[in-house]
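The residues making up each chain are set out below.
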Amino acid sequence: MARASLGRRLTAEAIGSFFLFAGVLGSGIMAENLAGGNDALALLANTIATGAILFVIIAMLGPISGAHFNPAVTFAFALRREIGWWDSVLYVLVQIAAGAIGAWAVHLMFDLPILQFSTKARTGIGQWTGELVATFGLLITILGLLKHKAEAIPMGVALYITAAYWFTSSTSFANPAIAIVRSLSDTFAGIAPGDVPGFIAAQLAGAAFAVALARWLFADEPARHTD
């Protein structure tokens, strides 16, 4: 199948990022409104909605753009030389911009101030370790399935993030763009702007570690000859 044009790929990234980020933030607001102060129930609702929208947008848009919706994923594929660096920059800019529009659309839907900044602190070695682990796991999932069972990527990523919301201390942002955009929303899923750089550094480190390991772990075994 011929590769989609850059314009179509960027449009697919914009649509996917819009709905992913709107899904994360909107479900967080709805969950907090309905959970009656039960944070575990709110997180569960937020998790289910995030996993569901991930499956849909990856299955729908993956054949066009690769369904990155995440600068860490784009960075990983750039390191693997499967996407050019200029295209990577455009992907990331579109992911952030469309994600921000998604956040503002959510604020409008829920009658909240459109422009706002989060005051929710998320910092420290535990949070950063959580983001490194979450992003490493996400990229290993993608790269492993890409090698062995590409058709399972939508379900694999959706299930991984659903699980990682619960087993990581940071609730698995695993995405530099969503860290930036969540700083623009003072809601359940927010993060204080000053805490974003630590998250991004951990996420990119996790992605780089995953790429390095995947080169060896998923390499083809050399043929063995017997006399």
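Going by the structure above, here's the rest.
Residues numbered from 1 in each chain as written. Predicted model: local features only at pLDDT ≥ 70, side-chain atom pairs only at ≥ 80, totals over all residues. Heavy atoms only, no water.

Draft legend 1. Local environment of helix H2 (residues 39-65). Of all the bends in H2, the greatest reaches close to 35° and is centred on Ala 59; the proline Pro 63 follows between one and four positions later. Every buried residue of H2 is listed here: Ala 42, Leu 43, Asn 46, Thr 47, Thr 50, Gly 51, Ile 53, Leu 54, Ile 57, Ile 58, Leu 61 and Ser 65. Contact partners of the buried residues in H2: helix H1 (6-34), helix H4 (85-109) and helix H6 (153-167). The opening residue of H2, the one whose side-chain oxygen lies 3.1 Å from the backbone nitrogen of Ala 40, is Asn 38. Gly 66 sits one or two residues past H2 and shows a positive phi near 90°. (Bend = angle between axes of the 7 residues up to and from the residue. Helix = DSSP H or I, 4+ residues; strand = E, 2+ residues; numbered from the N terminus. Buried < 20%, exposed > 50% of the residue type's maximum accessible area, 1.4 Å probe, protein only. Contact = heavy atoms within 4.5 Å. Polar contact = N/O pair within 3.5 Å; in protein donor to acceptor, adjacent residues only side chain to side chain.)

Draft legend 2. Focus on the environment of Ala 205. The residue Ala 205 is located in helix H8 (residues 196-217) in this model. With relative accessibility at 25%, the residue Ala 205 sits in the partly exposed group. Spatially, the C-alpha atom of Ala 205 lies 9.4 Å from that of Glu 131, the residues being 74 residues apart in sequence.

Draft legend 3. Region of the structure containing the nonpolar core. Counting residues in hydrophobic clusters, the biggest one holds 61 residues, and the most contacted among them are Leu 20, Ile 58, Leu 138 and Val 157. Listing elements by their share of this core, those giving two or more residues are H1, H2, helix H3 (71-79), H4, helix H5 (125-148), H6, helix H7 (176-182) and H8. The element that contributes the greatest number of residues to this core is H1, accounting for nine residues. (Core = buried A, V, L, I, M, F, W, Y, C linked by side-chain atoms within 4.5 Å.)

Draft legend 4. The layout of surface pockets, seen in detail. Within this model, the largest pocket holds a volume of roughly 810 Å³. As for the largest pocket, its lining consists of 40 residues, of which Gly 62, Ser 65, Gly 66, Ala 67 and His 68 are closest to the centre. At the level of secondary structure, the elements contributing two or more residues to the lining of the largest pocket comprise H1, H2, H3, H5, H6 and H7. When residues in the lining of the largest pocket are grouped by element, the largest group, eight residues, is from H2. In terms of residue class, the lining of the largest pocket is built from 28 nonpolar, eight polar and four charged. (1 Å grid on protein atoms, 1.4 Å probe; cavity = no way out; pocket = protein on both sides within 12 Å on 5 of 7 lines; lining within 4 Å. Points joined across faces, edges and corners; volume = space filled by probe spheres on them. Nonpolar A, V, L, I, M, F, W, Y, C, P; charged D, E, K, R; others polar.)

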